[in-house]
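# Descriptive structure summary
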Amino acid sequence: MSTHRLPPFPGPTTASTTAPTTTPTTTPTTTRAGVRAGRSVSALICAVAVGAATACAPSEGAVVAPSQAAAVAPVTPGASKSTTGAPGIGDPDFPDDGNGGYDVQHYDLRLSYDPASRKLAGSATIEAKAAQDLTSFDLDLHGLTVSRVTVDGGAASFDRSKDELVIEPGKRISNGHRFAVTVDYAGVPEPMHDSANLGEYGFISTADGAFVTCEPNGAKTWFPSNDHPSDKATYDFRITVPEGLTAIANGEMTGTPQTKAGRTTFAWREKHPMASYLATMTTGKFQVRTGTSDKGLPIYVAVADSFRGSLDQLLTQTGKITDYWSTVFGPYPFSSTGGVIDDYAAGYALENQTKPIYGGFSPEPAIIAHELAHQWFGDSLTITRWRDLWLNEGFATYAEWLWAEHTGQGTADSAFKRLYANAADPMWAYPPGAARADDLFGAAVYNRGAMTLHALRREIGDDKFFPLIRAWTDAHRYGNVTTQEFIALAERISGKNLKGLFDAWLFQPRRPAPLAGP
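Residues numbered from 1 in each chain as written. Predicted model: local features only at pLDDT ≥ 70, side-chain atom pairs only at ≥ 80, totals over all residues. Heavy atoms only, no water.

## As for the pattern of salt bridges
Test applied: Salt bridge, as used here: a side-chain nitrogen of Lys or Arg that lies within 4 Å of a carboxyl oxygen of Asp or Glu. Helix numbers and strand numbers start at the N terminus; a helix is a DSSP run of H or I with at least 4 residues, a strand a run of E with at least 2.
Within this structure, the stated rule accounts for 16 salt bridges. Between Asp312 and Arg289 there is a salt bridge, with the nearest N and O atoms lying 1.9 Å from each other. With Asp312 in helix H1 (residues 311–328) and Arg289 in strand E21 (residues 286–292), this pair connects stretches of sequence that are 23 residues apart. Notably, a salt bridge pairs Asp305 with Arg308, separated by 3.8 Å at the nearest N-O pair.

Now the structure itself:
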């Protein structure tokens, strides 16, 4: 994620925006007695701070096949709590985000949106594998009215508790078995708000459609989900909008848009695993262009009418930068690349998988470089817990420095030295190895995270550093990662004990000692 107000390379950046805090609305639904209720869920809301210096050969992955029906057994009255899926996935800093008891394999989202009324209607089928016996489990959903829930085709009772949709299937789901839950819902989506971080995110209605950016937990504003990055899945989208509008989602289109009775349906598929915060259904009036990069990678770019003059540059720069990163970070992990410029003035960019989105501005190459680097660091390699966010933002910020080196606009060393020279910078009091919920996108996570990588590069040399980065992206392709895994790999490849270096740069609330050498 990045903002568009970048200072002249390689200056540090800090800032924030504010937005009024709102209380999520809960909509009553018909329930059956016995479904648990009354649990609270903390709404974690974040977005990239305005002014922060970060912006975020194709594989042939296969779509996850439709799940087999779960083996089921009758629910017994007074069943043990061990058959209740946890209301949080286990992130120690955000304990109520996501849900436990199952692993999502695939989302099939059928969505219809009318900008005039701002109403969204959806039917979401979630294919999952049980990680324990389940007599009830949760999905995350913010606002919206649920009309029906089924599990493996059978009616299920449900209840709402803040942002939790609590589901009780008619029969017990056995540990290890696959099941499918379908949720029908509708309403006017409400975006998330967090004045401590970026402000507004999730499903944001615009005059002609919607601007959809979900980091860290805004997916629940438009579809029921296990809304935490540690549970990745593949996706199918069928999005219907009024004729004349374009609906853009992740991955590639699976056919030609179909128009009937004044409404057009767009079908998209992301066949590679994706975190829920990277999913999008951005809609509106767009100029679209497709092409291929010099290396033959398909490109899809779209810009709002007011940014039509940026269309060619976005196409060219996206292809050029994606190709270059594949020589630095290893093979591009997805089947297409692209980008979207919307006219909603968000003031930030987000690394939506395969299609970074730029909110209300034409991005400079440095921001495009940042967001496309995220396709490796954040999208393919996704953090297991939010405290390790520097693995996304520190890497993407360092990519900006590498892009400057590549284009002759500066060096990573000069960027590092300029930042280090400011001994009074507040980032020295913020250890980036433990990103904080109340300042998730702090400048330290970006700049000090990037400085950590440069200190490592200086310590082990380019002949070990760049093979390390490629080994990192290869070893964890499409998976989840932690800081400790990166440290272990760095020590193995370099043959050095690097614990002191990482401790000083990531975990201490003070400015590390100067690097040795010039």
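This is not the end of the story, as more comes after the structure.
## Describing the confidence of the model for the protein chain
Do not read the predicted coordinates in detail wherever pLDDT is low. Put simply, the rule is: Scored between 0 and 100, pLDDT is the confidence that the predictor attaches to each residue. The contact definition used throughout considers only heavy atoms, calling two residues in contact when any of these lie within 4.5 Å.
With 85% of its residues at a pLDDT of at least 70, the protein chain reaches an overall mean of 87. At the level of individual helices and strands, the protein chain shows its lowest average pLDDT in strand E2 (residues 72–74), which scores 34, and its highest in strand E15 (residues 233–242), which scores 99. Below pLDDT 50 for its whole length, residues 4–80 participates in 248 contacts with residues either more than four positions away or in separate chains.

## A short note on the environment of Ile383
Considering the arrangement of structural elements, one finds Ile383 in strand E26 (residues 382–383). Between the C-alpha atom of Ile383 and that of Thr482, which follows or precedes it by 99 residues, the distance is 6.1 Å. Once you skip the residues sitting within four places of it in the chain, Ile383 turns out to touch Pro229, Ser230, Asp388, Leu389, Leu391, Asn392, Asn480 and Val481.

## Observations concerning the sheet that holds strand E5 (residues 137–140)
Quick note on the threshold: By this definition, two strands are paired if DSSP reports at least two bridges between them. In this analysis, axes come from line fits to C-alpha atoms, helices being fitted only over the stretch in contact, and the angle between any two N-to-C directions falls in the range 0 to 180 degrees.
The 3 strands lie next to each other as E5-E9-E8, forming an open sheet whose pairing is antiparallel. Unpaired on one side and paired on the other, E5 and strand E8 (157–161) mark the two borders of the sheet. The mean inter-strand angle of the sheet, taken between neighbouring strand axes irrespective of direction, is 25°. Sheet analysis places E8 next to strand E9 (residues 164–168), joined by 5 bridges and oriented antiparallel. Of the residues in E9, the one forming a bridge with Phe158 is Ile167.

## Some remarks on unusual backbone geometry
With omega at 5°, the peptide bond leading from Glu215 into Pro216 counts as cis. With a phi angle near 55°, Ala261 is a residue other than glycine that sits in the positive phi range. Inspection of the secondary structure puts Ala261 in the loop between strand E18 (258–260) and strand E19 (263–274). In the Ramachandran plot, Tyr478 falls in the positive-phi region, its phi being about 70° despite a non-glycine side chain.

## Considering the pairing of strand E3 (residues 102–114)
For E3 and strand E4 (residues 119–130), the ladder comprises 12 bridges, and the chain directions are antiparallel. Paired with Ser112 across the bridge in E4 is Ala121. In textbook terms, the turn of a hairpin is the stretch between consecutive antiparallel strands, and for E3 and E4 this stretch comprises 4 residues, one of which, Arg118, has a positive phi near 65°. Looking at chain direction, E3 and E15 are connected through 7 bridges and run parallel. Looking across to E15, one finds that Tyr107 is bridged to Tyr235.

## Focus on the nonpolar core
Here is the rule: Side-chain atoms within 4.5 Å are what join buried Ala, Val, Leu, Ile, Met, Phe, Trp, Tyr and Cys residues into a set we call a nonpolar core. Buried means the residue's accessible area, taken with a 1.4 Å probe over protein chains only, is under 20% of the maximum for its type, while exposed means over 50%, and partly exposed covers the values in between.
Membership of the largest hydrophobic core comes to 141 residues, with the highest contact counts inside it found for Ile167, Trp222, Phe237, Trp325, Phe329, Leu456 and Phe486. Setting aside chain neighbours within four positions, we find Phe329 in contact with Ala373, Trp376, Phe377, Ala399, Leu402, Ile469, Arg470 and Thr473.

## A closer look at helix H6 (residues 462–475)
One full turn of an α-helix is made of 3.6 residues, so residues set three or four places apart face in the same direction. Put simply, the rule reads: Under the convention used throughout, the expected extent of a helix is 1.5 Å for every residue step, that is, one less than its residue count. It is the directions from the helix axis to the C-beta atoms whose arc is reported.
Taking 1.5 Å per residue, 14 residues should reach 20 Å; H6 reaches 20 Å between its end C-alpha atoms and fits that length. For H6, every residue scored as buried is listed here: Phe465, Phe466, Leu468, Ile469, Trp472 and Thr473. Axial view of H6: buried residues confined to an arc of 150°, hence all on one face. Opposite the packed face of H6, turned more than 90 degrees from it, sit the exposed residues Asp463, Asp474 and Ala475. For H6, the secondary structure elements touched by its buried residues are H1, helix H3 (390–406), helix H5 (443–460), strand E27 (480–481) and helix H7 (483–494).

## Some details on the environment of Arg510
Our working definition: We call two N or O atoms a polar contact when they sit within 3.5 Å, provided that within protein one can donate a hydrogen and the other can accept it, with sequence-adjacent residues counted only if both atoms are side-chain atoms.
Considering the arrangement of structural elements, one finds Arg510 in the segment after helix H8 (499–507). What makes Arg510 partly exposed here is its relative accessible area of 47%. Note: C-alpha distance between Arg510 and Met427 (83 residues apart in sequence) is 8.5 Å. Look past the residues within four positions of Arg510 in its chain and what remains in contact with it is Trp428, Arg448 and Ala504. A polar atom in the side chain of Arg510 sits 2.6 Å from the side chain of Gln508.

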